[in-house]
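Coordinate inspection notes
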Amino acid sequence: MRKNIIICVAGLVVGFALGFYVTNAITNPSKLVAAARPAGGAGQAGPLGPDQSAGELPPDHPDIGGGAAGAGEGSAASTSAKAQQAMDKADRSPKDFDAQVEAAKVFYGLSDYTKGALYADRALAIKPRDFDALVLMGNTKYDAGDFEAAATFYERALAVKPDSPDVRTDFGNTFFNRKDFDRAIAEYRKSIAVDPGHLNGWKNLAAAALNKKDREAAREAVERLEKLAPGSPETEAFRQKLDEMQ
């Protein structure tokens, strides 16, 4: 009886570990984004110029008094000097590509995906085929949960640089999150074709294959993971789940 209880508990732990991994350990796009470049100066952003503070604010700039949407209590703009500074710089120079990208990165880093997307969109209006800006926009949409939009920007980025295994894997993740496991697997295979040692590609391939109940694809991925990441919790969980399918 005691042995049966231990087996049951072990099964629950493995099942939980796999479920948690499948839900949370799909490659996080934020890892693909370089750290935001330091803003132009230290401390709080400088005040708006007289022509701006006395008249109409730049589009999407928070109200000076803090009452407008987007500048409410607790927002990134109202609580982060770095965000305020990046935003002011970008709004004052709408044709400055680097300023728009920096603002997008800062807001993305603060999980303000609405403003992150706004400034990434401005950057792409200036340079529509910039790989890093396209990936940044894709990441912003992905982390906001808009996987269809994220897929659009990752696909555009891959048209510029098709041999990026990270972006290819994230492109696959957009299908994984929409439960299109066939397409997800196809994209993961493209990723590992470019980089046979791409760990996240193999992990996500294993997760998608197990969800699809594709035993052969799951076995291939698990066996590769046992070489690339032997003994890791994810590898062990995948192996356990695969053995349950036999």
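The paragraphs below set out a description of the structure included in this document. (Residues numbered from 1 in each chain as written. Predicted model: local features only at pLDDT ≥ 70, side-chain atom pairs only at ≥ 80, totals over all residues. Heavy atoms only, no water.)

Observations regarding the overall build of the protein chain
A tally of helices and strands in the protein chain yields 13 helices and 0 strands. Ordered by position from the N terminus, the helices and strands of the protein chain form the series α-α-α-α-α-α-α-α-α-α-α-α-α. Expressed as a percentage of the 246 residues in the protein chain, the buried residues total 44%. Across the protein chain, contacts joining residues at least 24 apart in sequence account for 59% of those joining residues at least 6 apart. (Helix = DSSP H or I, 4+ residues; strand = E, 2+ residues; numbered from the N terminus. Buried < 20%, exposed > 50% of the residue type's maximum accessible area, 1.4 Å probe, protein only. Contact = heavy atoms within 4.5 Å.)

Re helix α13 (residues 233–245)
Between the first and last C-alpha of α13 there are 19 Å, a value that for 13 residues agrees with the 18 Å anticipated at 1.5 Å per step. Listed in full, the buried residues belonging to α13 are Thr-235, Ala-237, Phe-238, Leu-242 and Met-245. Seen along its axis, α13 keeps its buried residues to an arc of 165 degrees; they face one direction. (Expected span 1.5 Å × (residues − 1). Arc of directions from axis to C-beta.)

Here we look at the packing of aromatic side chains
According to the stated counting rule, one finds 5 aromatic pairs in the structure shown. Aromatic side chains Phe-107 and Tyr-119 sit 5.9 Å apart centroid to centroid with 5 degrees between the ring planes, which places their arrangement in the stacked category. You can see Phe-107 sitting in helix α5 (residues 97–109) and its partner Tyr-119 sitting in helix α6 (residues 113–126), a full 12 residues away along the chain. An angle of 75 degrees between the planes, with centres 5.2 Å apart, marks the rings of Tyr-142 and Phe-147 as edge-to-face. Taken individually, Tyr-142 and Phe-147 each receive the classification buried, so the pair is uniform in this respect. Lying over the aromatic face of Phe-131, Lys-161 brings its terminal NZ or CZ to 4.3 Å of the ring centre. Sitting above the plane of the Phe-175 ring, Arg-178 keeps its charged end 4.8 Å from the centroid. (Phe/Tyr/Trp six-rings, centres within 6.5 Å; stacked < 30°, edge-to-face > 60°. Lys NZ or Arg CZ within 6 Å of the ring centre and 35° of its normal.)

Section: the packing of helix α8 (residues 147–160) against helix α9 (residues 165–176)
Remark: α8 packs on α9, axes separated minimally by 9 Å, with the N-to-C direction vectors making an angle of 155 degrees. Of the possible angle classes, the one that applies to α8 and α9 is roughly antiparallel. The chirality of how α8 crosses α9 is left-handed. In contact with Phe-147, Ala-150, Ala-151, Tyr-154, Glu-155, Ala-157 and Leu-158 of α8, α9 contributes Val-167, Arg-168, Asp-170, Phe-171 and Thr-174. Here the contact of α8 with α9 is built from residues that sort into 8 nonpolar, 1 polar and 3 charged. (Axes fitted to C-alpha atoms, helices over the stretch in contact; angles between N-to-C directions. Parallel < 35°, antiparallel > 145°, perpendicular 65-115°, else oblique. Left-handed = near helix turned anticlockwise from the far one by under 90°. Nonpolar A, V, L, I, M, F, W, Y, C, P; charged D, E, K, R; others polar.)

Purely geometric stuff here, so don't read any function into it on its own.
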